[in-house]
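Coordinate inspection notes
Below are the chains, spelled out letter by letter.
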Amino acid sequence: MSAKPIPEGQHSITPYLGIRDAAQAIEFYKKAFGATEMFRLEGPDGRVGHAELRIGDSSLMLGDPCDMEGSLKASQNIEHPAVGLHLYVEDCDKVYAQALAAGATQVSEPKDQFYGDRSGTLKDPFNNLWFVSTHKEDLTPDEIRARAAKMFAGS
């Protein structure tokens with residue numbers, strides 16, 4: 001039997017984060033977002049060479065940065081986060097509070113957004129942004145554009 005080009009349980013695209021102290025990040029993601037650790041490969045020095053987590057129905061890969069060619073640098077080295085992770089959950093207010101209790105920093109509190117989601121933004125202790133959202137309204141692209149125009153006209 002041949003292997004599937006996309007492994008079972010994976011999607012076509014998966015975020016991969018370079019995080020100094022990846023083991024601490026794994027524990028944070030478990031507490032903050034209910035992550036389940038699917039796999040961890042530690043190097044001889046005990047650092048996380050590669051780990052795979054599952055949050056909801058999605059995967060997140062991460063590892064401690066290393067000196068190998070083509071490897072990721074630590075997100076903590078970046079002054080302003082360049083990547084955000086959008087996380088849909090059943091109750092964004094609950095998960096947002098859970099993440100704050102686990103050590104995240106508030107960027108913007110959850111509120112109803114013009115595009116039909118209730119969403120708030122956090123920064124995790126490893127300098128990554130998380131947009132925690134619950135979808136509340138099914139809107140057409142035209143409805144979203146009209147709401148955006150109205151919002152920007154009022155600012």
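The protein goes by VOC family protein in an unreviewed UniProt entry, where it is assigned to Pseudomonas fakonensis.

**A look at the overall build of the protein**
Broken down by element type, the protein carries three helices and eight strands. Counted from the first residue to the last, the protein has its helices and strands arranged as β-α-β-β-β-β-α-β-β-β-α. Each principal axis of the C-alpha atoms in the protein carries an extent, and together these give about 55 × 40 × 30 Å. Each of the 155 residues in the protein was classed as buried or not, and the buried ones make up 34%. Of all intrachain contacts in the protein linking residues separated by at least 6 positions in sequence, the fraction that spans at least 24 positions is 54%. The averaged location of the 23 negative side-chain charges in the protein is 3 Å from the averaged location of its 16 positive side-chain charges.

**Remarks on unusual backbone geometry**
Apart from glycine, the bulk of residues carry a negative phi angle, and the bulk of peptide bonds sit in the trans form. Despite not being glycine, D21 has its phi angle at roughly 65 degrees, a positive value. Relative to the assigned elements, D21 resides in the loop between β1 (16–18) and α1 (22–33). The class for D21 is partly exposed, based on a relative accessible area of 40%. The phi dihedral of N127 is positive, around 70 degrees, even though this residue is not glycine. Tracing the backbone shows N127 in the loop between β7 (117–123) and β8 (129–135). The exposure class of N127 is buried, given its relative accessible area of 11%.

**So, the packing of aromatic side chains**
Taken as a whole, this structure holds eight aromatic pairs when the rule is applied. Chaining the aromatic ring pairs together yields one cluster made of F28, Y29, F33, F126 and W130.

**Looking at the sheet that holds strand β5 (residues 84–88)**
Pairing is mixed in the open sheet, where four strands are placed in the order β5-β8-β7-β6. Lying at the two open borders of the sheet, with one neighbouring strand each, are β5 and β6 (105–112). Strand-to-strand, the axes of this sheet are offset by a mean angle of 15 degrees, without reference to chain direction. Two strands pair when backbone bridges link them, and β5 and β8 are joined in this way by five bridges, in the parallel orientation. Considered in β8, the bridge of L85 is made with W130.

**Some thoughts on the sheet that holds strand β3 (residues 48–55)**
Pairing is mixed across the open sheet formed by four strands, whose spatial order is β1-β4-β3-β2. Pairing within the sheet leaves two strands with one partner each, and these edge strands are β1 and β2 (36–42). Taken over all neighbouring pairs, the strand axes of this sheet differ in orientation by 15 degrees on average, direction set aside. Sheet topology places β2 next to β3; six bridges connect them, and they run antiparallel. For E42, the partnering residue across the bridge sits in β3 and is V48. Sheet contacts for α1: β1, β2, β3 and β4 (58–63); angle to β3, the most-contacted strand, approximately 5 degrees.

**Describing the packing of α1 against helix α2 (residues 92–102)**
Running from N to C, α1 and α2 cross one another at 145 degrees; their axes reach a closest spacing of 7 Å. Read as a crossing pair, α1 and α2 show a hand that is right-handed. Touching F28, K31, A32 and F33 of α1 are V95, Q98, A99 and A102, all from α2. Of the residues in the contact of α1 with α2, the class split is six nonpolar, one polar and one charged.

Calculation criteria
Residues numbered from 1 in each chain as written. Predicted model: local features only at pLDDT ≥ 70, side-chain atom pairs only at ≥ 80, totals over all residues. Heavy atoms only, no water. Helix = DSSP H or I, 4+ residues; strand = E, 2+ residues; numbered from the N terminus. Buried < 20%, exposed > 50% of the residue type's maximum accessible area, 1.4 Å probe, protein only. Contact = heavy atoms within 4.5 Å. Lys, Arg positive; Asp, Glu negative; His and termini not counted. Charge placed at Lys NZ, Arg CZ, Asp CG, Glu CD. Phe/Tyr/Trp six-rings, centres within 6.5 Å; stacked < 30°, edge-to-face > 60°. Pairing = 2+ DSSP bridges. Axes fitted to C-alpha atoms, helices over the stretch in contact; angles between N-to-C directions. Left-handed = near helix turned anticlockwise from the far one by under 90°. Nonpolar A, V, L, I, M, F, W, Y, C, P; charged D, E, K, R; others polar.

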